[in-house]
Amino acid sequence: MYFLPVRLGRALGCGPFSAKDCRGPLTWLEAEGVLVHKEFYFPQIKDIEVGPWERKGGKGAVVHIDNRHMPNDLHVVDIDPSGKSEPEHHMYEINFYIVSGRGATTVWQDEKSKQTFEWAAGALFSVPLNAWYQHFNGSGTEKVRYIATTNAPPMMRLFNDSSFIFSDEHQFKNRYDDSEEMFSGNGKLFNRRVWETNFIPNAPDMLLYGWKERGAGGINAMLAMAHNNMGNHISEFPVGTYKKAHRHGPGAHLVLLSGDSGYSLIWTKEDRSDMIKCDWEVGSLVIVPNDGTFHQHFNSGTKRARYMALRSGDGGKHLVELVGQVGKRPGELPCIFCEHDDGADRDDTIRIEDEQAAGTGHNREADVVQHVHHFRDEAGVQECPKCDVP
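Reading the values: the criteria
Residues numbered from 1 in each chain as written. Predicted model: local features only at pLDDT ≥ 70, side-chain atom pairs only at ≥ 80, totals over all residues. Heavy atoms only, no water. Helix = DSSP H or I, 4+ residues; strand = E, 2+ residues; numbered from the N terminus. Areas by Shrake-Rupley, 256 points an atom, 1.4 Å probe, with all protein chains shown as cover. Salt bridge = Lys/Arg side-chain N within 4 Å of Asp/Glu carboxyl O. Buried < 20%, exposed > 50% of the residue type's maximum accessible area, 1.4 Å probe, protein only. Arc of directions from axis to C-beta. Pairing = 2+ DSSP bridges. Axes fitted to C-alpha atoms, helices over the stretch in contact; angles between N-to-C directions. Core = buried A, V, L, I, M, F, W, Y, C linked by side-chain atoms within 4.5 Å. Polar contact = N/O pair within 3.5 Å; in protein donor to acceptor, adjacent residues only side chain to side chain. Contact = heavy atoms within 4.5 Å. Patch = residues over 30% accessible without salt bridge, like charges linked within 9 Å, V, L, I, M, F, W, Y side chains within 5 Å. Lys, Arg positive; Asp, Glu negative; His and termini not counted. Charge placed at Lys NZ, Arg CZ, Asp CG, Glu CD. Phe/Tyr/Trp six-rings, centres within 6.5 Å; stacked < 30°, edge-to-face > 60°. Lys NZ or Arg CZ within 6 Å of the ring centre and 35° of its normal.

Draft legend 1. A look at the overall build of the chain. Scanning the chain from N- to C-terminus turns up seven helices and 28 strands. Accessible surface for the chain amounts to roughly 16,300 Å². Of this, 49% is attributable to carbon and sulfur atoms.

Draft legend 2. Structural context of the pattern of salt bridges. Considering all chains together, one arrives at ten salt bridges under this definition. In this structure, the salt-bridge partner of Arg55 is Glu32, at a minimum N-O distance of 2.7 Å. With Arg55 in the loop between strand S3 (51–53) and strand S4 (58–63) and Glu32 in helix H2 (residues 23–32), the pair connects residues that are 23 residues apart, well separated along the chain. Classification of Arg55 by relative accessible area gives partly exposed; the value is 27%. Its relative accessible area of 17% is what places Glu32 among the buried residues. Between Lys56 and Glu88 there is a salt bridge, and its shortest N-O distance comes to 2.8 Å. Of the two residues, Lys56 sits in the loop between S3 and S4 while Glu88 sits in the loop between strand S5 (73–79) and strand S6 (94–100), which places them 32 residues apart along the sequence.

Draft legend 3. How the structure looks around helix H3 (residues 152–159). All buried positions along H3 are accounted for by Ala152, Pro153, Met155 and Met156. All buried residues of H3 project into a common sector of 165° when viewed along the axis, lining one side. Positioned one or two residues after H3, Asn160 has a phi angle of 50°, which is positive.

Draft legend 4. Looking closely at the sheet that holds strand S10 (residues 132–137). Judged by pairing direction, the sheet is antiparallel, and its three strands sit side by side in the order S8-S7-S10 without closing on themselves. Taken across any chain shown, the strands that pair with only one partner, and hence form the sheet edges, are strand S8 (115–120) and S10. Here the average twist between neighbouring strands, direction ignored, is 20°.

Draft legend 5. Here's a closer look at the environment of Gly218. If you trace the backbone, Gly218 turns up in the loop between strand S15 (209–210) and strand S16 (219–224). For the pair Gly218 and Arg304, spaced 86 residues apart in sequence, the C-alpha separation works out to 9.5 Å.

Draft legend 6. Highlighting the nonpolar core. Formed by 35 residues in total, the largest nonpolar core has its most connected members in Phe96, Val107 and Trp119. Within the second largest apolar cluster, 34 residues are counted, among which are Ala61, Met70, Cys278 and Leu285.

Draft legend 7. Seen up close, the side chain of Ser284. Residue position: Ser284 is located in the loop between strand S21 (276–279) and strand S22 (285–287). Judged by relative accessible area, which is 2%, Ser284 ranks as buried. Here the side chain of Ser284 touches Glu281 through a polar contact of 2.8 Å, landing on its backbone nitrogen. Once residues lying within four places of it in the same chain are set aside, the contact partners of Ser284 are Phe42, Pro43, Ile45, Leu254, Val255, Leu256 and Asp279.

Draft legend 8. Fine view of the environment of Val144. With respect to the element layout, Val144 can be found in strand S11 (residues 144–150). The exposure class of Val144 is buried, given its relative accessible area of 0%. For the pair formed by Val144 and Gly103, sequence separation is 41 residues and the distance between their alpha carbons is 7.8 Å. Residue contacts for Val144: discarding those within four places in its chain leaves Val77, Asp78, Ile79, Ser100, Gly101, Arg102, Trp119 and Asn137.

Draft legend 9. Looking closely at the environment of Ser284. Residues Ser284 and Gln44, spaced 240 residues apart in sequence, show a C-alpha to C-alpha distance of 4.6 Å. Here the side chain of Ser284 touches Pro43 through a polar contact of 2.7 Å, landing on its backbone oxygen.

Draft legend 10. Structural context of a negative patch on the surface. Together, Asp110, Asp177, Asp178, Glu180 and Glu181 line one region of the surface with negative charge. Assignment of secondary structure puts Asp110 in the loop between strand S7 (102–108) and S8. A relative accessible area of 42% means that Asp110 is categorised as partly exposed.

Draft legend 11. Quick peek at the packing of aromatic side chains. Using the criterion set out here, one finds 16 aromatic pairs in the structure. Ring geometry for Tyr263 and Phe298: centres 4.7 Å apart, planes at 20°, overall stacked. Of the two residues, Tyr263 sits in strand S20 (residues 263–267) while Phe298 sits in strand S23 (residues 294–299), which places them 35 residues apart along the sequence. Across this residue pair, the class does not change: Tyr263 and Phe298 are buried. Ring geometry for Trp267 versus Phe294: centroids 5.6 Å apart, planes at 15°, classification stacked. Of the two residues, Trp267 sits in strand S20 while Phe294 sits in strand S23, which places them 27 residues apart along the sequence. Relative accessible area serves as the criterion here: at 3%, Phe294 is assigned to the buried category. What links up through ring pairs into an aromatic cluster is the set Phe96, Phe117, Phe125, Tyr133, Tyr146, Phe183 and Phe199. The residue whose ring lies beneath Arg175 is Phe172, and the NZ or CZ to ring-centre distance is 5.9 Å. The residue whose ring lies beneath Lys277 is Tyr263, and the NZ or CZ to ring-centre distance is 4.7 Å.

See below:
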């Protein structure tokens, strides 16, 4: 059974979701008086509407999908020129990505030992759990906009007590280090492309690493930040290629960092009759809204496409073990795979032109997927109706 926001449920032909099933996060959002968006696709993050948000000391909004299994949400916040946010701390994890502007953030557990680091558009960082922090806009003429993924929804559902979430003073010493290295941008590279750090100055340009199992020139870095359970990764794939359709748990927030043309396809039904196309541009946001939602990414432009996935779990050092198993994050179902794939390399990136040369000749948005691939799930392998086409 699919639990989707009403608007998405209607679009995909699924039943409406009852908001009473996740009163924890909804009650908090109602008390905050913050503007809430329930869409799963935003063509441009810069255009997301915001409203007053007292806790942030300015304007903001929350992208919250009414799914009782949703492991995270997304905060969109603006800081006025020369402005600053209110100091805050909370019992949920948070990752920040700077969409526009420049400034600095101060982080502390002890008032006597604060550390401050500067950032600009493209920076990605995480503040350790329940540590105090405050943001400052370094420009007197331009606003700052950032997005932040948090695991507030499950924490609110678990405790159903916002006073605990925002007032508990416990210090997680195992997650915090007041040395200068904490937010220096330095890090440790582990086997299998795992980069451990708390601060990435420019995610669109950071170094990524080859992943031959994913094929077709794709590169990637899995990110372990602030000892969080939440995980992030950045991937890039070449012109004229696409990622194999796959599904896993909800909550991946995909942000396009580079590229000039492409799209994602999202669907839930085996016949793909509910398929939705989400066109890309730099700054587009696509969210996987539900467990079992298939999604597939196409680079149809003239440049390599890089996207950042801000996700829920599997963000700690155990990534070193997990990423060695291609497409096997806990709870993830196998990919749709090519009929000629013997499984040896698990090539999850396919060239569009190779597919067409093989005799596909169908619309890239849907028919290509139906013709070339089989479908594999717990029930076994099912042949798609066009697989007998030469």
